[in-house]
Amino acid sequence: MSKLTPMMQQYKEIKEEYKDAILFFRLGDFYEMFFDDALIASKILNIALTGRDCGLKERAPMCGVPYHSCQSYIAKLIENGYKVAICEQLEDPSKAKGIVKRDVVKVITPGTVTDENMLDDKRNNYLLSIFEGQDGFGIAYIDITTGEFYMSEIDDQNMQSKLIDEIAKIHPSEIISNQKFTENKKIVNFIKDIMDVYLTCYDEWAFEYHRAKKRLLDYLGVITLDGYGCSGKRKGISAAGALMEYVYQTQKSTLKHINGINFYSVEDYMMLDIATRLNLEITQTMRGKQKKGSLLWVLDKTNTSMGARMMRKWIEQPLLDIHNITMRLDGVEELKDNMIQRENLKDLLSNIYDIERLMGKISAGTVNAKDFIALKQSIAVLPDIKALLSSFDSELLKKYFDSLDTLEDIYKVIDEAIIDDPPNNITEGGIIKAGYNAEVDELRKAGKLGKEWIASLEKNEKQKTGIKTLKVGFNKVFGYYIEVTKSYYSLVPDYFIRKQTLANAERYVTPELKEMEFKILGAEEKVVKLEYDLFSDIRQRISKEIHRIKSVSEIIACIDCLFSFAQVADVNQYIKPELNNSSYIDIKGGRHPVVEKTIKNQLFVKNDTYLDSNNDRLCILTGPNMAGKSTYMRQVALITLLAQIGCFVPADKADLCITDRIFTRVGASDDLSSGQSTFMVEMIELANILNNATENSLVILDEIGRGTSTFDGLSIAWAAIEYISDKNRIGAKTLFATHYHELTELEGIIDGVKNYCISVKEEGEDIIFLRKIKRGGADKSFGIQVAKLAGLPQSVIKRAEEILNHLESKDINKNNIKDAIAVSVENNDAKDEQIDMYEYQYREIVDYIKNIDILDTTPLEAMNILNKLINKANNI
């Protein structure tokens, strides 16, 4: 019976523990993969698939990659949704008895990547843990490269929608969860189909509350979690504890820079659902998923990687607290108004490396001497930044001045110990400065003197022996030697001891040379080991100060964001918004922050906006396509968002209330992966808005109901307007763009509804878009003119005009569509709506009378008309 070889048996045993990962099994200078792992990896990595005798009848499929260049291969496997377990040799093969001991030293997953070549330095790489309990969700997420650790719970109304919104905000690279959550098909499908995130059902025991709590206590080295605001947060603790268990199991160590939990409530920030994030193109464009063309593209003028990541977080999480918003705005104002200090700050910030991720490398033990020099150079500018901050008066900048630690002691440690341009490798010496350690200096001196002696040996021996071609050399196998070519063998003295014979030469040693070799190599070996020990000691000393350095990195990131806001405000002529508690939005001369940066050879047309919770709750906006309705509505939403992240806004003046949520329903595309049509997607998004909006929300709706028949669509749009504008239901401030001109009749019928339209100038059969918002409703769609501008064939345009003239002559819109919609009224308890048939029939008679052409009516036709009116009246 065939039996696996001892080494393959070892492989199988280790692989059994890491079934969900590709196992990189170290053999000499290669990481080898076997069996199914080899079949998978060879295809993805496009490397040769070979075989190896394994003791079975058939050879084991095998492929491998060089250990010194494995990172690019690992990155490709991670990108394709695989985990990679790194299995190293734990002892020197030359000294091992039997099979070399091996074990997994690290598991690399999408959420635990630490290699800087696999990461985007301008965004966090989050690992998210979700625990679904009986009454809600616990969530926790972490970036192991920066040490950021957050926890929350979602257990109130609409908790599934809120969890989806939170996942969209966090945008993790990987998610772990308990078994119950994986059975939640709605959210799991969202994660896989929309977010395309790696989801793992993790061990159930890791989420057990008491075990999870103990893991957190042990990891953080505390006796209670109350100091982190986690008291009573059982679901959150279950998620966070499992997360830390997963981190420990993959990293095989405790990461010291993860030294606290930030508990937050999802209600602490403006809620933005995924549709809104996409529609407003906050961090990436809808087409192409690019940063360029997004709001982040306009705002991100940061100088540091930490600032860039913080900028993304600020944009993703607009504030709700008016005091915190005001502090940011005041800080931006001071920086904007002080250009010289701002430029000086820019120069200082540009000298700061990614301190945050350097801390992660220190904690993980992967930091090298060059990283320490980068840290030293970053610390070097902190005193100047602190001095610059001392000249400001705003509350936030003064707070940063008071809190900024200049870390002089850490600078001193690095400056005294590490040379200014060290090598990358910390195990080959040459990293410790002269004068830092006496023993290192002595060993270096001994080595230097020995090499000088050897350098003089060649000259001396040539003179003594008369061998003109004699030379002294060195290699790692034979050490130092004296080489003599064949033509001079007769001159070789007796004290030369033959060591190696070559084709045309002989190599020799002398007792003195061997003695000096021992001294030199011994000194070199000792100094390399001593330098590594000294470096390790420095790393340990600095790792004890991680909490201080993390605090500095956060302050620098925030200062960098304020600088960026000030720079953008100055260059783009943004103004400081005023904030009110009176629930109104008043914008004068508003502009779209992205569109105005992308249009060429024309000025952006400014527009005003006024919305409040009373008489101007809902604006019905009409006008043709391409006229600028969507741009206008989006700019109102973006100006609101900008103000609440503490940024100046593109307007002449802006007085804004605090908005709890922004909802957008702008455009749609078929969701083929889930079998949903455009109209279904539209209705799902509308349902989300109607179920979650409040009177403090801002709602942007564009062309509701256009994915179905005219009568159905018009009815849905009408009903949605009534529902949103009703203060007993929502009463949200709303911009509602539509092509259903009939909806303009709602002004005066529904409280709080006002009509606005986009100005258009007609010149013959052509139109010019003026892109100016004005009071009143549009009476034409100009659809055919827009089709003409789009380049439709002239024959199609001509035929469309003929059909339009025919339809208009029949008064289809006036008589049929209007008559098809009933006026809704509130019932006695103001909770439900009902169709008032009397009102409907009365309006039907009025419309009928309005359309009678009395001058073109014969006496007989007049008698028939009167008879119809009598019949209608009798039926009321």
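Residues numbered from 1 in each chain as written. Predicted model: local features only at pLDDT ≥ 70, side-chain atom pairs only at ≥ 80, totals over all residues. Heavy atoms only, no water.

Peer 1: Outline the overall build of the protein, listing residues and values.
Peer 2: From N to C terminus, the protein includes 31 helices and 29 strands. Burial status across the protein gives 51% buried among its 876 residues. Per element, the accessible surface of the protein, about 42,000 Å² overall, is 49% carbon and sulfur. (Helix = DSSP H or I, 4+ residues; strand = E, 2+ residues; numbered from the N terminus. Buried < 20%, exposed > 50% of the residue type's maximum accessible area, 1.4 Å probe, protein only. Areas by Shrake-Rupley, 256 points an atom, 1.4 Å probe, with all protein chains shown as cover.)

Peer 1: Could you give an account of the sheet that holds strand E1 (residues 21-27), with specific residues and numbers?
Peer 2: In space, the 6 strands of this open sheet follow the order E3-E4-E2-E1-E5-E6, with mixed pairing throughout. In this open sheet, the two edge strands, each paired with only one partner strand, are strand E3 (50-52) and strand E6 (102-108). If you compare each strand with its neighbour and ignore which way they point, the axes differ by 40° on average. Summarising the sheet, E1 and strand E5 (residues 83-89) pair through 5 bridges and their orientation is parallel. Paired with phenylalanine 24 across the two strands is isoleucine 86, which belongs to E5. Helix-sheet contacts for helix H1 (residues 6-17) involve E1, strand E2 (30-34), E3, strand E4 (60-66), E5 and E6, and the interaxial angle to E1 is about 145°. Against the sheet, helix H9 (residues 234-251) engages E5 and E6, with an angle of about 130° to E6. (Pairing = 2+ DSSP bridges. Axes fitted to C-alpha atoms, helices over the stretch in contact; angles between N-to-C directions. Contact = heavy atoms within 4.5 Å.)

Peer 1: Go over the pairing of strand E16 (residues 497-501) with me, naming the residues and quoting the values.
Peer 2: Here E16 runs beside strand E17 (residues 505-509); their pairing, made up of 4 bridges, is antiparallel. Looking across to E17, one finds that isoleucine 497 is bridged to valine 509. Hairpin remark: E16 followed by E17, antiparallel, with 3 residues in the connecting loop.

Peer 1: Quick rundown of unusual backbone geometry? Include the residues and the values.
Peer 2: One non-glycine residue, phenylalanine 35, adopts positive backbone phi at about 55°. With respect to the helices, strands and loops of the structure, phenylalanine 35 is situated in helix H2 (residues 35-45). One non-glycine residue, leucine 407, lies in the positive phi region at around 55°.

Peer 1: Describe in detail the environment of tyrosine 489, supporting the description with residues and values.
Peer 2: Inspection of the secondary structure assignment puts tyrosine 489 in the loop between strand E15 (479-485) and E16. According to the relative accessible area criterion, tyrosine 489 is partly exposed, its value standing at 28%. Look past the residues within four positions of tyrosine 489 in its chain and what remains in contact with it is Val484, Asn504, Ala505, Glu506 and Tyr508. Polar side-chain contacts of tyrosine 489 include one of 3.5 Å to the backbone nitrogen of glutamate 506. (Polar contact = N/O pair within 3.5 Å; in protein donor to acceptor, adjacent residues only side chain to side chain.)

Peer 1: I'd like to hear about the sheet that holds strand E19 (residues 584-590), residue by residue, with values.
Peer 2: With respect to topology, 4 strands assemble into an open sheet ordered E18-E22-E19-E20, the strand pairing being mixed. At either margin of the open sheet sits one strand with a lone partner, and together these are strand E18 (578-580) and strand E20 (607-612). Averaged over all neighbouring strand pairs, the angle between strand axes comes to 15°, with direction disregarded. Pairing between E19 and E20: 5 bridges, direction antiparallel. Bridging across to E20, isoleucine 585 finds its partner in leucine 611.

Peer 1: Break down the side chain of glutamine 500 for me, with residues and values.
Peer 2: For glutamine 500, the position within the fold is in strand E16. Dropping the residues within four chain positions of it, glutamine 500 is found in contact with Phe478, Glu506 and Arg507.

Peer 1: Could you give an account of the environment of methionine 310, naming the residues involved and the relevant values?
Peer 2: Residue position: methionine 310 is located in helix H12 (residues 305-316). With a relative accessible area of 11%, methionine 310 lands in the buried category. A C-alpha to C-alpha distance of 6.0 Å links methionine 310 and alanine 557, two positions 247 residues apart in sequence. For methionine 310, the residues in contact, after removing those within four places along its chain, are Glu554, Ala557, Cys558 and Cys561.

Peer 1: Please provide a residue-by-residue account of the nonpolar core, values included.
Peer 2: Nonpolar side chains tend to gather and get buried jointly when the protein is soluble and globular. Membership of the largest hydrophobic core comes to 112 residues, with the highest contact counts inside it found for Leu299, Leu375 and Ile385. The dominant element in this core, judged by the number of residues it contributes, is helix H22 (residues 546-572), at 15 residues. Setting aside chain neighbours within four positions, we find leucine 299 in contact with Met311, Ile315, Ser564, Phe565, Val568, Leu642, Ile645 and Cys647. (Core = buried A, V, L, I, M, F, W, Y, C linked by side-chain atoms within 4.5 Å.)

Peer 1: Could you give me a rundown of helix H18 (residues 395-403), with the residues and numbers involved?
Peer 2: Restricting attention to buried positions, one finds in H18 the residues Leu396, Leu397 and Tyr400. With its buried residues spanning 100° around the axis, H18 presents them on a single face. (Arc of directions from axis to C-beta.)

Peer 1: For the packing of H2 against helix H3 (residues 71-79), give the residues involved together with the corresponding values.
Peer 2: At their nearest, the axes of H2 and H3 sit 10 Å apart, and the two run at 100° to each other. Put simply, H2 runs roughly perpendicular to H3. Together, Ala41, Ile44 and Leu45 of H2 and Tyr73, Lys76 and Leu77 of H3 make up the contact between the two elements. Of the residues belonging to the contact of H2 with H3, the class tally is 5 nonpolar, no polar and 1 charged. (Parallel < 35°, antiparallel > 145°, perpendicular 65-115°, else oblique. Nonpolar A, V, L, I, M, F, W, Y, C, P; charged D, E, K, R; others polar.)

Peer 1: Any details on the packing of H18 against H22? Residues and values, ideally.
Peer 2: Look at H18 against H22: their axes get within 11 Å of each other, and the N-to-C directions meet at 150°. Viewed along their axes, H18 and H22 adopt a mutual orientation that is roughly antiparallel. In the packing of H18 onto H22, the handedness of the crossing is left-handed. Side by side, H18 and H22 meet where Leu396, Leu397, Tyr400 and Ser403 of the first sit next to Ile555, Cys558, Ile559 and Leu562 of the second. Counted by class, the contact of H18 with H22 contains 7 nonpolar, 1 polar and no charged residues. (Left-handed = near helix turned anticlockwise from the far one by under 90°.)

Peer 1: Can you tell me about the side chain of aspartate 616, naming the residues and giving the values?
Peer 2: Tracing the chain through its elements places aspartate 616 in the loop between E20 and strand E21 (618-622). Buried and unpaired, aspartate 616 has no salt bridge, with lysine 754 as the nearest side chain of opposite charge at 4.2 Å. (Lys, Arg positive; Asp, Glu negative; His and termini not counted. Salt bridge = Lys/Arg side-chain N within 4 Å of Asp/Glu carboxyl O.)

Peer 1: Explain the state of the cysteines to me, using residue names and the numbers behind them.
Peer 2: Under the counting rule described, the total for this entry stands at 0 disulfides. You can see cysteine 619 has no disulfide; the closest cysteine sulfur is in cysteine 757, sitting 9.7 Å from it. Its relative accessible area of 5% is what places cysteine 619 among the buried residues. (Disulfide = S-S within 2.5 Å.)

Peer 1: Help me get a handle on the packing of aromatic side chains, residues and values and all.
Peer 2: Considering all chains together, one arrives at 18 aromatic pairs under this definition. With centroids separated by 5.8 Å and ring planes inclined at 45°, the aromatic side chains of tryptophan 314 and phenylalanine 565 adopt a geometry described as tilted. Note that tryptophan 314 is positioned in helix H12 and phenylalanine 565 in helix H22, a separation of 251 residues in sequence. Look at tryptophan 314 and you get buried, because its relative accessible area is 7%. The class for phenylalanine 565 is buried, based on a relative accessible area of 0%. Connected via pairs of aromatic rings, a cluster forms that spans Tyr11, Phe25, Phe34 and Phe35. When the ring centre of tyrosine 31 is taken as origin, the NZ or CZ atom of arginine 26, which lies over that ring, is 5.7 Å away. (Phe/Tyr/Trp six-rings, centres within 6.5 Å; stacked < 30°, edge-to-face > 60°. Lys NZ or Arg CZ within 6 Å of the ring centre and 35° of its normal.)

Peer 1: How would you explain the pattern of salt bridges if you had to name every residue and give the values?
Peer 2: Evaluation of the coordinates by the stated rule reveals 46 salt bridges. Among the salt bridges present, the one from aspartate 135 reaches lysine 235, with a minimum N-O distance of 3.5 Å. Of the two residues, aspartate 135 sits in the loop between strand E7 (127-132) and strand E8 (137-143) while lysine 235 sits in helix H9, which places them 100 residues apart along the sequence. By sharing partners, the salt bridges in this structure join Lys376, Asp415, Asp420 and Lys433 into a single network.

Peer 1: Got a sec to walk through the confidence of the model for the protein? Specific residues and values, please.
Peer 2: Of the residues in the protein, 87% reach a pLDDT of 70 or more, and the chain-wide mean stands at 86. Taken as a whole, residues 669-675 scores under 50 in pLDDT and shows 9 contacts with residues more than four places along the chain or in a different chain. The low-confidence segment residues 812-836, where pLDDT is below 50, has 46 contacts with residues more than four positions distant or belonging to other chains. (pLDDT = per-residue confidence, 0-100.)

Peer 1: So, the environment of glutamine 290: which residues are in play, and what are the values?
Peer 2: One can find glutamine 290 in the loop between helix H10 (274-279) and helix H11 (295-299). Among the residues examined, glutamine 290 registers a relative accessible area of 47% and is labelled partly exposed. In this structure glutamine 290 touches Thr283, Gln284 and Thr285, once residues within four positions along its chain are discounted.

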